[in-house]
Amino acid sequence: MSIDLLAYAAFFLTMALTYSVMCLGLNLQWGQTGLFNVGIAAFVAIGAYVSALLTTPPVPDRFGGFDMPIVFGWLGGAAAAGLAAWLVGALTIRLRSDYLAIATFGVAVCVQLCVLNLQGITGGAFGIGFIPRPFSHLAGNALAFGLANLALMAGLVAVLYLALEHLAKSPWGRVLRAIREDEAAAQALGKRPIRFRLQAFTIGGAIMGLAGAAQGHFIGFIAPDNYLPVLTFQVWAMLIVGGSGNNRGAILGAILVWGLWALSAAAVSGFVPPEQQARAASLQIVAIGVGLCAILLLRPRGILGERSALGLRGKHGRRPGRTSDDRAP
């Protein structure tokens with residue numbers, strides 16, 4: 001296997017893992033709590049732009065350029081996205097399903113218009129360049145640079161996965177699932193659904209902002225076109241394919257759908273005449289839609305869907321708590 005192919009594989013997996021982080025945030029909101037957020041692109045954009053403003057060198061006629069270390073940019077991007085999620089959630093968290101979806105979609109459109117028009121802060125349509133990249137001293141060696149960034153993103157995904165798994169198994173996580181299944185019953189047991197839903201929405205938004213910051217620093221450039229509604233569609237498709245309610249499914253779904261997106265892009269560039277490629281790019285969305293339909297038909301819960309507690313069996317095939325003397329009525 002050539003070095004160039006290995007370098008591309010490292011690049012592919014690093015990009016896929018940035019989407020895995022977004023999926024983990026969405027899985028906390030939707031898979032664990034049942035919050036229908038279609039404003040993912042907004043929180044990803046906030047994280048990316050705040051991190052870029054904190055870490056890029058000073059630029060005339062543009063706010064920001066504080067030239068801070070990358071780690072402060074990532075933390076600042078996550079904190080800013082989490083604060084934005086808290087503000088949005090405080091206003092909309094009482095809405096249900098489709099109403100919450102409409103509200104969060106409106107927030108995503110507003111954020112996209114802001115980053116497009118606030119040229120003195122975001123650079124407008126030209127975006128922000130010269131974003132510092134981790135391990136930039138290895139940029140001359142494509143393979144070493146790719147593997148170093150891959151190791152960094154893999155470590156970040158592993159830390160987030162372990163933290164979210166711990167939260168899911170904690171009393172806090174069990175309350176989230178109880179609210180998702182029957183909010184009235186959880187409230188009758190003394191829990192406050194609004195407070196728990198707002199906490200989950202805020203943490204999920206912060207994780208999405210962290211993903212945006214990491215992706216922006218890995219690419220080295222951000223622009224408003226990176227945060228169109230199609231990004232939200234991609235992340236939702238990734239979670240549904242992998243399995244909502246399962247953190248491993250969120251990671252797997254991101255890798256698979258990003259792979260399908262990359263393969264369809266290669267197919268368009270290879271088989272479609274250059275003058276038609278801009279129009280044929282929509283076939284990538286068609287490919288994801290077809291794959292999503294196939295998964296829903298074959299595995300409605302996703303590849304690694306959440307296992308229902310009612311469906312768990314004991315060691316010998318019996319349901320937990322049943323004895324050999326139990327008889328069906």
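These lines cover the structure that appears in this document, whether it is placed above or below.

Reading the values: the criteria
Residues numbered from 1 in each chain as written. Predicted model: local features only at pLDDT ≥ 70, side-chain atom pairs only at ≥ 80, totals over all residues. Heavy atoms only, no water. Helix = DSSP H or I, 4+ residues; strand = E, 2+ residues; numbered from the N terminus. Rg over C-alpha atoms; globule rule 2.2 N^0.38 Å. Buried < 20%, exposed > 50% of the residue type's maximum accessible area, 1.4 Å probe, protein only. Contact = heavy atoms within 4.5 Å. Areas by Shrake-Rupley, 256 points an atom, 1.4 Å probe, with all protein chains shown as cover. Expected span 1.5 Å × (residues − 1). Core = buried A, V, L, I, M, F, W, Y, C linked by side-chain atoms within 4.5 Å. Patch = residues over 30% accessible without salt bridge, like charges linked within 9 Å, V, L, I, M, F, W, Y side chains within 5 Å. Salt bridge = Lys/Arg side-chain N within 4 Å of Asp/Glu carboxyl O. Polar contact = N/O pair within 3.5 Å; in protein donor to acceptor, adjacent residues only side chain to side chain. 1 Å grid on protein atoms, 1.4 Å probe; cavity = no way out; pocket = protein on both sides within 12 Å on 5 of 7 lines; lining within 4 Å. Points joined across faces, edges and corners; volume = space filled by probe spheres on them. Phe/Tyr/Trp six-rings, centres within 6.5 Å; stacked < 30°, edge-to-face > 60°. Axes fitted to C-alpha atoms, helices over the stretch in contact; angles between N-to-C directions. Parallel < 35°, antiparallel > 145°, perpendicular 65-115°, else oblique. Left-handed = near helix turned anticlockwise from the far one by under 90°. Nonpolar A, V, L, I, M, F, W, Y, C, P; charged D, E, K, R; others polar.

**A look at the overall build of the protein**
Then step 1. The number of helices and strands found in the protein is 13 helices and zero strands.
Then step 2. Starting at the N terminus and ending at the C terminus, the protein contains elements arranged as α-α-α-α-α-α-α-α-α-α-α-α-α.
Then step 3. Here the C-alpha radius of gyration of the protein, 21 Å, is about what a compact globule of 329 residues would show, namely 20 Å.
Then step 4. Projected onto its principal axes, the C-alpha coordinates of the protein cover approximately 75 × 45 × 35 Å.
Then step 5. By residue count, 47% of the 329 residues in the protein fall in the buried class.
Then step 6. For the protein, the share of sequence-separated contacts (at least 6 apart) that also reach a separation of at least 24 residues comes to 76%.
Then step 7. Of the accessible surface of the protein, which amounts to about 16,700 Å², a share of 69% is contributed by carbon and sulfur atoms.

**Thoughts on helix H2 (residues 40-55)**
Then step 1. The end-to-end C-alpha separation of H2 is 23 Å, in line with the 22 Å expected for 16 residues at 1.5 Å each.
Then step 2. Here H2 lies mainly inside the structure; 15 of its 16 residues are buried.

**Regarding the nonpolar core**
The nonpolar side chains of a soluble globular protein tend to be buried with one another.
Then step 1. By size, the foremost hydrophobic cluster in this structure holds 79 residues, and its most contacted members are Tyr-19, Val-21, Ile-222, Tyr-227, Leu-231, Val-235 and Trp-258.
Then step 2. Counting residues per element, this core draws most heavily on helix H1 (residues 3-32), at twelve residues.
Then step 3. Residues within four places of Val-235 in sequence aside, it is in contact with Tyr-19, Met-22, Cys-23, Leu-26 and Ile-40.

**Comments concerning a nonpolar patch on the surface**
Then step 1. A cluster of nonpolar residues, Phe-63, Phe-66, Met-68, Val-71, Phe-72, Leu-75, Leu-118 and Ile-121, forms a patch on the protein surface that exposes about 760 Å² of accessible area.
Then step 2. The biggest single contributor to the nonpolar patch is helix H3 (residues 70-92), with three residues.
Then step 3. When you line up the elements, Leu-75 lands in helix H3.

**Some remarks on the side chain of Asn-27**
Then step 1. Within the secondary structure, Asn-27 is located in helix H1.
Then step 2. One polar contact links Asn-27 to Asn-247, side chain to side chain, over a distance of 2.9 Å.
Then step 3. When neighbours within four sequence positions are excluded, Asn-27 is seen to be in contact with Gln-32, Leu-239, Gly-243, Ser-244, Gly-245, Asn-246, Asn-247 and Ala-250.

**Regarding empty space enclosed by the protein**
Then step 1. Tallied over the full model, the rule gives two cavities of 30 Å³ or more.
Then step 2. Considering only enclosed or pocket space, the largest cavity measures out at about 50 Å³ in volume.
Then step 3. Lining the largest cavity are Asn-27, Leu-28, Gln-32, Leu-164, Leu-167, Ala-168, Trp-172, Gly-173, Leu-176 and Asn-247.
Then step 4. Elements with a contribution of two residues or more to the lining of the largest cavity: H1, helix H6 (142-169) and helix H7 (171-181).

**A few points about the environment of Cys-114**
Then step 1. Within the secondary structure layout, Cys-114 lies in helix H4 (residues 97-117).
Then step 2. Using a relative accessible area of 40% as the deciding quantity, one classes Cys-114 as partly exposed.
Then step 3. C-alpha separation for the pair Cys-114 and Tyr-19, spaced 95 residues apart in sequence, amounts to 23 Å.

**Description of the side chain of Gln-32**
Then step 1. Mapped onto the fold, Gln-32 is located in helix H1.
Then step 2. Overall, Gln-32 belongs to the buried group, its relative accessible area being 6%.
Then step 3. A distance of 3.3 Å separates a polar atom in the side chain of Gln-32 from a polar atom in the side chain of Arg-177.
Then step 4. Setting aside anything within four residues of it in sequence, one finds Gln-32 in contact with Asn-27, Ala-168, Leu-176, Arg-177, Arg-180 and Gly-245.

**Observations concerning the packing of aromatic side chains**
Then step 1. The tally for this structure, following the rule as stated, stands at nine aromatic pairs.
Then step 2. Measuring from ring centre to ring centre gives 5.5 Å for Trp-30 and Trp-236, while their planes differ by 65°; the resulting arrangement is edge-to-face. With Trp-30 in helix H1 and Trp-236 in helix H10 (residues 229-242), this pair connects stretches of sequence that are 206 residues apart.
Then step 3. With relative accessibility at 31%, the residue Trp-30 sits in the partly exposed group.
Then step 4. With relative accessibility at 11%, the residue Trp-236 sits in the buried group.
Then step 5. Of the aromatic side chains, those joined through ring pairs into one cluster are Tyr-8, Phe-11 and Phe-218.

**Observations regarding the packing of H10 against helix H13 (residues 283-298)**
Then step 1. The contact between H10 and H13 brings their axes to 10 Å, and the two run at 25°. When the interaxial angle is binned, H10 and H13 end up roughly parallel. Seen from above, H10 lies across H13 with left-handed handedness. Counting all contacts with H10, which are made through Val-230, Phe-233, Ala-237, Ile-240 and Val-241, the residues of H13 involved are Ile-285, Ile-288, Gly-289, Leu-292, Ile-295 and Leu-296.
Then step 2. Its residues assigned to classes, the contact of H10 with H13 shows ten nonpolar, one polar and no charged.

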